[in-house]
Amino acid sequence: MPESIPAPLIIDTLKDTFREARGTSTREPLGWILSVPDTHQKTVLAALDKERALRVVTCATEDEANAVAAGLWIGGEPCALMIQHAGLYASVNTIRGVAMDGRVPIFYIIGLLSREKDRDLKDSRHSMVRYAEPLLDTFGVPHARLEGPDDVHRIPEYYRLSRERRGPAAVLVGLETI
Amino acid sequence: MAMKPEDVLRAIAAARGDAICVPTMTTSPAWRTIAPDDLSVGCTGFMGGASSLGLGLALAMPKRRVVVFDGDGSLLMQLGSLATIAGARPRNLTHLLFKNGVYHTSGAQEIPGGLTVDFVQMAKGAGYRKAYAVTDLDDFKRRLPSIFTEEGPLLVELHTGLADKTPMTDRGGLAFNQQVENLRKKLDKVG
């Protein structure tokens, strides 16, 4: 059964991920979170408000967040996008143009709002839950599920993968964070 | 009489120093002729993204000026970026809006609201530090030094006519991914 992941665990993992990406550089902030607020990850966003090592830029749309990520990448800054599955659907053309055709490595943390604890994604009653993985598959975007605290190692893994393949990579947050 | 976009771009090229420039749509063909092989990256393949691309660059490189050459039709596609930029408060971002009232590239169809849309008021309302309109080339040239040094985010609405070329009539230029790689390499070298 999937479990909720505590916000501090996700934030600490992101900090470690960005620290590794920066190597010897001591520049601050450690990394950037580009967020279009997601109910599913609201505890993480609330905790990020108090976090000094990471800077959050709240974007009005996921399209913007993708383009901001491209500018940060050009300037050598590590970042992650925290969005909801609905935002994934809303920004498909920008993901194609920026992350895929533009070969900009973008790492997405996607909240699966309304995902049922007792059902697999493909069996969800909610289309927004069911379509997330098939859409990512259609676009050839590698993805992994964060089904509990034991899966947070997927964060650095898929962040690195986005850099290695010069394109998008995503993790899907199964249950609402705590 | 509206300014010629090419004249505006030539004036920018003469004054921009080491600023990073982000052209999009109809400023792209002229800019690659006026300022070839420089510190620029065009917003190509995701219309409306120039302002946000510029924001990312400005946040990543706070000691360097970033100048976005946006279009009115383009900005309308991601109008929320005005608030996103204002919220992020990049002091080094200049947002130049080439206002011609039409979607020139796709055949010059009028944008919603046409020339009556007031982007200066929108930028001010979103929280830009400063926003104003320029209708005359000499006035623009006079203001250029401050446009590159004034604390941002700053939006300047430029009342221009149509460019000689569009991305459809002049399809040259590097793909976005090549532009990204080139600029990354240049910035890595010069810092």
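Residues numbered from 1 in each chain as written. Chains lettered and ligands numbered in written order. Predicted model: local features only at pLDDT ≥ 70, side-chain atom pairs only at ≥ 80, totals over all residues.

**Some remarks on the overall build of chain B**
Counting secondary structure elements, chain B contains 8 helices and 7 strands. Its C-alpha atoms give chain B a radius of gyration of 15 Å, near enough to 16 Å, the size a compact globule of 191 residues would have. A principal-axis box enclosing the C-alpha atoms of chain B has dimensions of 45 × 35 × 30 Å. For chain B, the share of sequence-separated contacts (at least 6 apart) that also reach a separation of at least 24 residues comes to 76%. (Helix = DSSP H or I, 4+ residues; strand = E, 2+ residues; numbered from the N terminus. Rg over C-alpha atoms; globule rule 2.2 N^0.38 Å. Contact = placed C-beta atoms within 7 Å.)

**Side note on the pairing of strand β2 (residues 54–58) of chain A**
Taken residue by residue, a regular strand's side chains alternate between the two faces of the sheet. Residues and elements named next belong to chain A. Of the strand pairs in this sheet, strand β1 (residues 31–35) and β2 are connected by 5 bridges, and their pairing is parallel. Looking across to β2, one finds that L34 is bridged to V57. Since β1 and β2 lie parallel, the crossover through helix α2 (residues 42–48) that links them has a hand, and here it is right-handed. (Pairing = 2+ DSSP bridges. Right-handed = clockwise from strand over helix to strand, strands pointing away.)

**Re the interface of chain A and chain B**
The partner chain B presents 27 residues to the 25 residues of chain A that form the contact. Elements supplying a minimum of two residues to the side of chain A that touches chain B: β2, α3 (62–74) and α5 (92–101) of chain A. Looking at the side of chain A that touches chain B element by element, the count peaks at 9 residues for α3 of chain A. Of the residues belonging to the side of chain A that touches chain B, the class tally is 11 nonpolar, 9 polar and 5 charged. (Nonpolar A, V, L, I, M, F, W, Y, C, P; charged D, E, K, R; others polar.)

**Describing helix α5 (residues 81–88) of chain B**
Listed in full, the buried residues belonging to α5 of chain B are S81, L82, T84, I85 and A88 of chain B. All buried residues of α5 of chain B project into a common sector of 165° when viewed along the axis, lining one side. Each element contacted by the buried residues of α5 of chain B is listed here: β2 and α3 of chain A together with α3 (50–60), β3 (93–99) and α6 (119–126) of chain B. Phi for R89 of chain B, located one or two positions after α5 of chain B, is positive at around 55°. (Buried ≥ 20, exposed ≤ 12 C-beta atoms within 10 Å, placed from the backbone. Arc of directions from axis to C-beta.)

**Thoughts on the environment of G87 of chain B**
Assignment of secondary structure puts G87 of chain B in helix α5. G87 of chain B has contacts with T58 of chain A together with G127 of chain B, leaving out every residue within four places of it along the chain.

**Considering the sheet that holds strand β4 (residues 106–111) of chain A**
All names here are of chain A. Read across the open sheet, the 6 strands follow the order β2-β1-β3-β4-β6-β5; overall the sheet is parallel. In this open sheet, the two edge strands, each paired with only one partner strand, are β2 and β5 (143–146). Adjacent strand axes in the sheet meet at a mean angle of 25°, parallel and antiparallel pairs treated alike. In this structure, β1 lies alongside strand β3 (residues 79–84), joined through 4 bridges in parallel fashion. Considered in β3, the bridge of L34 is made with L81. (Axes fitted to C-alpha atoms, helices over the stretch in contact; angles between N-to-C directions.)

**Thoughts on the pairing of β4 of chain A**
All names here are of chain A. Of all 6 residues in β4, 6 are buried, a share of seventy percent or more. Burial along β4 is two-sided: the residues I106, Y108 and I110 and F107, I109 and G111 are all buried. The sheet contact formed by β4 and strand β6 (residues 168–173) spans 6 bridges and is parallel. Looking at the pairing, F107 lines up with A169 of β6.

**Notes on the environment of I85 of chain B**
Residues and elements named next belong to chain B. Locating I85 in the fold gives a position in helix α5. Residues I85 and A123, spaced 38 residues apart in sequence, show a C-alpha to C-alpha distance of 9.6 Å. In this view, I85 contacts S51, L55, P90, L93 and P153; residues no more than four positions away in its chain are not counted.

**Regarding the environment of Y132 of chain B**
Residues and elements named next belong to chain B. Take Y132: it is sitting in strand β6 (residues 130–134). What makes Y132 exposed here is the crowd of 12 C-beta atoms within 10 Å. As a C-alpha pair, Y132 and A86 span 46 residues in sequence and 15 Å in three-dimensional space. Setting aside chain neighbours within four positions, we find Y132 in contact with V120 and V156.

**Regarding the confidence of the model for chain B**
Averaged over chain B, the pLDDT score is 94; the fraction of residues at 70 or greater is 99%. The ipTM value of the predicted complex is 0.97, and its pTM value is 0.97. (pLDDT = per-residue confidence, 0-100.)

**Focus on the nonpolar core**
Residue and element names in this part refer to chain A. Within the largest apolar cluster, 102 residues are counted, with the highest numbers of intra-cluster contacts made by L34, A69, L81 and I110. Here the element with the most residues in this core is α3; it accounts for 8 residues. Residues contacting L81, with those up to four places away along its chain left out, are L34, A65, A69, I106, F107, Y108 and I109. (Core = buried A, V, L, I, M, F, W, Y, C linked by C-beta atoms within 7 Å.)

**Section: the packing of α3 of chain A against α5 of chain A**
The geometry of a pair of packed helices is captured by two quantities: the angle between their axes and the separation between those axes. Residues and elements named next belong to chain A. Between α3 and α5, the shortest axis-to-axis distance is 9 Å and the interhelical angle comes to 5°. Between α3 and α5, the interaxial angle falls into the category roughly parallel. Contacts between α3 and α5 involve D63, N66, A67 and A70 from the former and T94, I95, V98 and A99 from the latter. Taken together, the residues of the contact of α3 with α5 sort by class into 5 nonpolar, 2 polar and 1 charged. (Parallel < 35°, antiparallel > 145°, perpendicular 65-115°, else oblique.)

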